[in-house]
Amino acid sequence: MNMKKTSRISVLIISLALIAVYFLPVWEIELEAPQYPEGLGMNIWINKITGDLNTINGLNHYIGMKTIQPDSIKELTLMPYILGALILLGISVVIAGRKKLLLVWVIFFMMLGIAGGVDFYLWEYDYGHNLNPEAAIKIPGMSYQPPLIGSKQLANFTAYSIPDTGGIILIGAGIASLVIMLYDSRKWGRTKKRLINKNIN
Amino acid sequence: MAKTIQTMLVVLLLGAIFSGTVLLSGCGSKKDKGPLIESDAPSMVYVEPGKYDEFYSFVSGGFSGQMSVYGLPSGRLFKVIPVFSQNPENGYGYTEETKPMLQTSKGFIPWDDSHHSELSMKDGVPDGRWVFINGNNTPRIARLDLKTFKTVEIIEIPNSAGNHSSPFTTSNSEYVVAGTRFSVPVENKDVPISSYKENFKGAISFIKVDQNSGDMKLAFQLITPPFDYDLSHAGKGPSDGWYFFSCYNTEMAHTLLEVNASQKDKDYILAINWKKIEELVAAGKGTDKACTYYHNKFDDKTHSATSEILKTVKTLSPEDVKGAMFYIPCPKSPHGADVDPTGEYIVGGGKLASVIPVFSFTKMKKAIEGNDFEGNVEGIPVLKYDAVLSGEVQKPGLGPLHTEFDDKGFAYTSCFVSSEIVKWNVATKEVVDRMPVYYSIGHLMIPGGDSRKPWGKYLVALNKITKDRFLPTGPELTQSAQLIDISGDKMKLILDFPTIGEPHYAQAIPADLVSKNSARIYKLEENSHPYAIKNEKDARVERKGTEVHVYMTAIRSHLTPDNIEGIKSGDVVYFHITNLEQDWDTPHGFAIMGNENSELLIMPGETCTIKWTAKEPGIYPFYCTDFCSALHQEMQGYLRVSGKDSNVPVSFSTGEKK
């Protein structure tokens, strides 16, 4: 079945907006401590990590955390292609205008979101728990896994994990794609009606 | 009963009078030590923890040879910047990189007497790029970069001795100057001191400042009569293009100057049309004379200083610059030659005079055009006092020395002998306020107070005598400055604070003009020091005969290498240490036992070298001296020295043996 015109335009806008993610950091990890009033920041892009990486690595060696080396993180190599696939699929949806393809696109998008979150969590878990047993500073029972999102106290540091500009675009695009799919579906109207009837009854 | 009550009343009354007297006499002695401060003074100078001062103040370190940096209004000391003296605290003048900074034609000079700090200017207003300061004893001028708060250049002044009227700059820092306080023979030579009048000359040097790089170059020297040049200021606004130098000892005495140089009622202020002299020099006037002087420059990328030895200077006689130099008679042994913010008035601080003469630039120009001279000295025309005078400040105080200005048309003159500051109206020459200072003020300073745009909120009295102002510290006391609020009609004393050396002079500038440019680190990738290593993997020890070079890195919390063997008695070991940190406020120090040298203090991204001679065989520990991290105390290592003929091979390691 064919998509509504507004839906197709919306998918085009989302796909084009996703191009911006190539040029913006996706996630930000911010560290604050009494002796770092200016804060230390690390920005994760789809293909690189920027910010005070060297300083953070320098501090992490005291607790035995692995050095964060962007070159050895395979996700940073894969992500540009995955994002490209998502954008191309989005554009195919616009051209084809088929509802089924829209559904495929949205599911792909959602799965990517979930996979990304899980991968990030595992990555954080690994860095936070897989510590060098010869580390100078060992606090019994302490791990240094940063939060997936939000803030957490790790020794003298308060760690904040928050989406950066690119991440906000990604999340926004994901939500928007879901909304378009629901809006484009005929069931949308019926569901609404049914709900209204239910409320009246 | 009534009698008893009467007696009791009398006793009470007497008691009251007696205790009252004690209280009064207590107040009296308090009063002798200075006025009680205004009740709002504490809030005026209090800077809350974590908050910043309004002004940076660059205070001469006097006979420490350095420059100190204070915050105003708090009077807190932030930093002592080593300039002309060695400073073992950070290795300045001890490290291989900084030793060339203190080289002169007289050899390596570890000390000087610094006098006047002078901020660079743009359009007659301090711009916060550089600050200059003069070395008085072995004549030099230094330039400090306010991005790094480091001495980056020192130029020696030939044919000069006692570089006192220096380094005062022009409206766009085209020049800094160096007028000699001692006249000496040009091309210094062996002559009888009694031949002073024939053989001695007063050289006034003009040092050109590159507008972009700040580099200094000795452009030319004016060879004038053998007077003692004391202080100076460049003109501004209408008088831009002129310099005014005060001089004493126009008697040309060479012994017991306190009497022999105090005989004349008037000495001179020398007015110099430097723009005209620039043209004359460009037209080929002047003679190149042989001399030797050093020009030392520090490079932020190689983190090293280099010395250049220069061999000639262009000199100009009064004959060469006819029509560009004039003497203004000025009572008596003048110190300050200060130009007001409009550029029209030149104030002479005649330290033995009973008035403060205020000269008019317009009248001076007119007198020069009208050839209205009373005579000449060695070819330099002498103007008539009355023809140039705008007016005199009557009864200003005793020993007027130096004048600065606010932004409301008032001048403030320090009076050494009567130990006070006199505020007077520049237009009417009337004294409007005066206040005692403790004790015997020399210079005074208002932020921007010698510029076109004074920030007339505070005045700092830079005093010569301290006595009882602070808790005593034996015979040698701290030096003293006082902060005075000049925002209202009446001056108010609001703070005393101690200073280092003798605070001859200071300058101050709104903090944000400097703080916004302040560097936090040196970028490691820009480090082009020949012995820098940017990776621990490159750390090594190389032997070249009896010379050993240790390429070492420092990062929290280890030195690489930290075990060194194969050094022999008699070896000269150079530790080249690169601080690999790129984080704010993470310097590392380095010291090795028994070093007849200083420590190193290495900023993030910097490389420094210290020389150490291995003497007796044994084990020599070394460590980081600047508390850098939780494991700072573990940041240490060992160096093994073996006998001269031992065959222990050179080896080095950190952690695992390489």
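Residues numbered from 1 in each chain as written. Chains lettered and ligands numbered in written order. Predicted model: local features only at pLDDT ≥ 70, side-chain atom pairs only at ≥ 80, totals over all residues. Heavy atoms only, no water.

1. A closer look at the pattern of salt bridges
Residue and element names in this part refer to chain B.
Here comes step 1: In this structure the tally under the stated criterion is 32 salt bridges over all chains.
Here comes step 2: A salt bridge links Asp53 to Arg76; the shortest N-O distance between them is 3.1 Å. Of this pair, Asp53 sits in the loop between α2 (41-45) and β1 (55-60) while Arg76 sits in the loop between β2 (67-72) and β3 (77-81), placing them 23 residues apart in sequence.
Here comes step 3: For Asp53, a relative accessible area of 8% gives the class buried.
Here comes step 4: The exposure class assigned to Arg76 is partly exposed, which follows from its relative accessible area of 33%.
Here comes step 5: Close ionic contact of Arg143 with Glu153 constitutes a salt bridge, the shortest N to O distance being 2.9 Å. Here Glu153 lies in strand β9 (residues 150-156) and Arg143 lies in strand β8 (residues 140-145), a separation of 10 residues in the sequence.
Here comes step 6: Look at Arg143 and you get buried, because its relative accessible area is 4%.
Here comes step 7: For Glu153, a relative accessible area of 0% translates into the label buried. (Salt bridge = Lys/Arg side-chain N within 4 Å of Asp/Glu carboxyl O. Helix = DSSP H or I, 4+ residues; strand = E, 2+ residues; numbered from the N terminus. Buried < 20%, exposed > 50% of the residue type's maximum accessible area, 1.4 Å probe, protein only.)

2. Some words on the nonpolar core
Here comes step 1: In this structure, Val11(A), Leu18(A), Met42(A), Ile49(A), Ile68(A), Leu102(A) and Trp105(A) are the most contacted members of the largest nonpolar core, which totals 43 residues.
Here comes step 2: Those elements that place two or more of their residues in this core are α1 (5-19), β1 (27-33), β2 (36-44), α2 (53-60), α3 (75-96), α4 (99-129), β5 (157-163) and α5 (165-184) of chain A.
Here comes step 3: Sorting elements by how many residues they give to this core places α4(A) first, with seven residues.
Here comes step 4: Once residues within four sequence positions are removed from consideration, Leu18(A) is found in contact with Leu83(A), Leu86(A), Ile87(A), Phe109(A), Leu170(A) and Ala173(A).
Here comes step 5: Counting residues in hydrophobic clusters, the runner-up holds 29 residues, among them Phe206(B), Phe245(B), Cys247(B) and Leu316(B). (Core = buried A, V, L, I, M, F, W, Y, C linked by side-chain atoms within 4.5 Å. Contact = heavy atoms within 4.5 Å.)

3. Thoughts on empty space enclosed by the protein
Residues and elements named next belong to chain B.
Here comes step 1: Per the stated rule, a full pass over the model turns up one cavity of 30 Å³ or more.
Here comes step 2: Taken together, Glu118, Met121, Thr169, Ser171, His233, Ala234, Gly235, Lys236 and Asp450 make up the full set of residues lining the largest cavity.
Here comes step 3: If you list the elements that add at least two residues to the lining of the largest cavity, you get β6 (114-122) and β14 (228-234).
Here comes step 4: Tallied by class, residues from the lining of the largest cavity come to two nonpolar, four polar and three charged. (1 Å grid on protein atoms, 1.4 Å probe; cavity = no way out; pocket = protein on both sides within 12 Å on 5 of 7 lines; lining within 4 Å. Points joined across faces, edges and corners; volume = space filled by probe spheres on them. Nonpolar A, V, L, I, M, F, W, Y, C, P; charged D, E, K, R; others polar.)

4. A word on a nonpolar patch on the surface
Here comes step 1: A cluster of nonpolar side chains, namely Ile114(A), Val118(A), Tyr121(A), Leu122(A), Tyr125(A), Leu148(A) and Ile149(A), defines an oily patch on the protein surface of about 680 Å² accessible area.
Here comes step 2: Among the secondary structure elements, Tyr125(A) is positioned in helix α4. (Patch = residues over 30% accessible without salt bridge, like charges linked within 9 Å, V, L, I, M, F, W, Y side chains within 5 Å. Areas by Shrake-Rupley, 256 points an atom, 1.4 Å probe, with all protein chains shown as cover.)

5. Some remarks on the environment of Arg8(A)
Residue and element names in this part refer to chain A.
Here comes step 1: With respect to the element layout, Arg8 can be found in helix α1.
Here comes step 2: Judged by relative accessible area, Arg8 falls into the partly exposed class, the value being 33%.
Here comes step 3: Taking C-alpha positions, Arg8 is 52 Å from Asn132, a pair spaced 124 residues apart along the chain.
Here comes step 4: Apart from the residues within four sequence positions on either side, Arg8 is in contact with Met3, Val94, Ile95 and Gly97.
Here comes step 5: For Arg8, the side chain forms a polar contact with the main-chain oxygen of Ile95, separated by 3.5 Å. (Polar contact = N/O pair within 3.5 Å; in protein donor to acceptor, adjacent residues only side chain to side chain.)

6. Points about the pairing of β9(B)
Side-chain positions along a regular strand alternate between the two faces of the sheet.
Residues and elements named next belong to chain B.
Here comes step 1: Burial analysis of β9 places seven of its seven residues in the buried class, which makes it a mostly covered element.
Here comes step 2: Bridge analysis of β8 against β9 gives six bridges, and the strand direction is antiparallel. Of the residues in β9, the one forming a bridge with Ala142 is Ile154.
Here comes step 3: Between β8 and β9, which pair antiparallel and follow one another directly, the connecting turn spans four residues, one of which, Phe149, has a positive phi of 55°.
Here comes step 4: Direction of pairing for β9 relative to strand β17 (residues 287-299): antiparallel, over a ladder of three bridges. Of the residues in β17, the one forming a bridge with Ile155 is His295. (Pairing = 2+ DSSP bridges.)

7. What about the domain arrangement of chain B?
Here comes step 1: The domains assigned to chain B are domain 1 (41-81 + 397-518) and domain 2 (531-653).
Here comes step 2: With centres defined by C-alpha atoms, the gap from domain 1 of chain B to domain 2 of chain B works out at 44 Å. (Domains from an automatic or database assignment.)

8. Side note on the layout of surface pockets
Residue and element names in this part refer to chain A.
Here comes step 1: Reported here for the second largest pocket is a volume of approximately 1,000 Å³.
Here comes step 2: In this structure, the second largest pocket is lined by 31 residues; those nearest its centre are Met79, Leu112, Gly113, Gly116 and Gly117.
Here comes step 3: Sorting the residues of the lining of the second largest pocket by element identifies α3, α4 and α5 as the ones contributing at least two each.
Here comes step 4: By residue class, the composition of the lining of the second largest pocket is 24 nonpolar, five polar and two charged.

9. Here we look at the side chain of His164(B)
Here comes step 1: The residue His164(B) is located in strand β10 (residues 163-165) in this model.
Here comes step 2: Dropping the residues within four chain positions of it, His164(B) is found in contact with His115(B), His116(B), Asn134(B), Asn136(B), Gly179(B), Arg181(B), Tyr229(B), Asp230(B), Leu231(B) and His335(B).

10. Some thoughts on the environment of Asp571(B)
All names here are of chain B.
Here comes step 1: Tracing the backbone shows Asp571 in the loop between β38 (563-568) and β39 (572-579).
Here comes step 2: For Asp571, a relative accessible area of 2% corresponds to the buried category.
Here comes step 3: Those residues in contact with Asp571 that sit more than four places away from it in its chain are Arg543, Thr546, Val548, Gly566, Trp612, Thr613 and Ala614.

11. Looking at the interface of chain B and chain A
Here comes step 1: Each partner contributes residues to the interface: chain B has eight residues there, and chain A has seven residues.
Here comes step 2: Summed over both partners, the interface of chain B with chain A buries about 660 Å², with 55% contributed by carbon and sulfur atoms.
Here comes step 3: For the chain B face of the interface with chain A, the top three residues by lost area are Arg556(B), Asp583(B) and Leu631(B), together amounting to 61%.
Here comes step 4: The interface formed by chain B and chain A includes zero salt bridges.
Here comes step 5: Inspection of the region where chain B meets chain A yields four residue pairs in polar contact (both at pLDDT 80 or more). (Buried area = accessible area lost by both parts, 1.4 Å probe.)

12. What about the side chain of Asp583(B)?
Here comes step 1: Relative to the assigned elements, Asp583(B) resides in the loop between β39 and β40 (588-592).
Here comes step 2: Residue class for Asp583(B) comes out buried when judged on its relative accessible area of 5%.
Here comes step 3: A distance of 2.3 Å separates the side chain of Asp583(B) from the side chain of Tyr36(A), its partner in a polar contact.
Here comes step 4: Residue contacts for Asp583(B): discarding those within four places in its chain leaves Tyr36(A), Glu38(A), Thr55(A), Ile521(B), Arg556(B) and Pro604(B).

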